[in-house]
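A look at the structure
Okay, here's what each chain looks like letter by letter:
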Amino acid sequence: MAQPLAERIRPKNLDEVVGQKHLIGENAPLSNIIRSGHLPNMIFYGPSGTGKTTIARILAAATNRRLHILNGTNASIADVRAVIGEVNTLAAPNGVLLYLDEIQYFNKKQQQALLEYIENGTVTLIAATTENPYFYIYGAVLSRCTVFEFKYVEPEDIVPALSRAFSVMAEDFKEEFDIEDGVLQHIARGCGGDVRKGVNSVELCVLSSNIPVDGAKRKILLETAKAVTQKTALRYDREGDEHYDLLSAFQKSMRGSDPDAALHYLARILEAGDLPSACRRLMVCAAEDVGLAYPMIIPIVKGAVDM
């Protein structure tokens, strides 16, 4: 089975990684950690497609550690113990780096099983999660790790990765591409800060473009890019922090009498299909901010008239 394009162009060093300059830029924390050659236990927290797994691979290679990748959705304590079994063997002479993706799916008992090994330095743990680690990760594990927050990648930072993806596809097809102006920018905006999603859109653009004839260049049209990206991905999680942040911003905009901001946040909520939450916040605002303020305004107005 052909390897996905996003996996084939995965960066091999920090210079190829796009975004996250607050973590991997000049004199940034992870850059300095690589230079030191010593890896602490870490938690990578952030949305999908922002480079968590990629940077973990780079850290392992740069420090010459044996890398094991487990996923919290299907891994068990037995899998963790199998990783521990490689410590101090010829398979891992410089130590083991355990990258545990989606650690929020590990229950408390499973997370506690990690404590002994990460505390005595048997393994180095890098846990990744898309959920708030302060809510989903056991406190004892959290206290032994440093949390690094990954952020959505800005469109201008995604464009170089998309250019590289088109170049790789051109090599695979042994063709030259004629990319219409605006294609890269549209895909970069439409992937919602998720580099993997953007690279997947590049692959779809190429596969859905007309096959050239007589040695002509394959044309990658903006129309095709719009068809495969469809619309900008909404950053909205119904049960997570962003859900409540957005609703709070909506309510505070109404409270602050800012109609433009209120309409902006209301549109984002409705576009995500969360009409009930919008209605609840409107009712809360009517009851608390308007309903409670009305009895207080009357005496003030009356006093002003009497004067």
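My aim in this report is to walk through the structure given alongside it, one point at a time. Keep in mind that what you see is a predicted model, and the values were worked out from it rather than measured.

Turning to the pattern of salt bridges, a few remarks are in order. Summed over the entire model, instances satisfying the criterion amount to seven salt bridges. Close ionic contact of Arg8 with Asp172 constitutes a salt bridge, the shortest N to O distance being 2.2 Å. You can see Arg8 sitting in helix H1 (residues 5–8) and its partner Asp172 sitting in helix H9 (residues 155–173), a full 164 residues away along the chain. On the basis of relative accessibility, which here comes to 30%, the residue Arg8 falls in the partly exposed class. Residue Arg218 is joined to Glu175 by a salt bridge in which the shortest nitrogen-to-oxygen separation is 2.8 Å. Taken as a pair, Arg218 in strand S7 (residues 218–220) and Glu175 in the loop between H9 and strand S6 (177–179) lie far apart in primary sequence, 43 residues in all. Judged by relative accessible area, Arg218 falls into the buried class, the value being 4%. Taken together, the salt bridges that share partners define one network made up of Glu7, Arg10 and Arg57.

On to the packing of helix H5 (residues 77–84) against helix H6 (residues 108–119), then. Contact pair H5 / H6: the axes reach a minimum separation of 10 Å and the direction vectors enclose 15 degrees. Our classification of the angle between H5 and H6 gives roughly parallel. Where H5 crosses over H6, the two elements pack in a sense that is right-handed. On H6, the residues touching Ile77, Val80, Arg81 and Ile84 of H5 are Lys109, Gln110, Ala113, Leu114 and Tyr117. Across the contact of H5 with H6, the residue classes tally to six nonpolar, one polar and two charged.

The rules behind each value
Residues numbered from 1 in each chain as written. Predicted model: local features only at pLDDT ≥ 70, side-chain atom pairs only at ≥ 80, totals over all residues. Heavy atoms only, no water. Salt bridge = Lys/Arg side-chain N within 4 Å of Asp/Glu carboxyl O. Helix = DSSP H or I, 4+ residues; strand = E, 2+ residues; numbered from the N terminus. Buried < 20%, exposed > 50% of the residue type's maximum accessible area, 1.4 Å probe, protein only. Axes fitted to C-alpha atoms, helices over the stretch in contact; angles between N-to-C directions. Parallel < 35°, antiparallel > 145°, perpendicular 65-115°, else oblique. Left-handed = near helix turned anticlockwise from the far one by under 90°. Contact = heavy atoms within 4.5 Å. Nonpolar A, V, L, I, M, F, W, Y, C, P; charged D, E, K, R; others polar.

Limitation: the analysis is restricted to geometry and does not speak to function.
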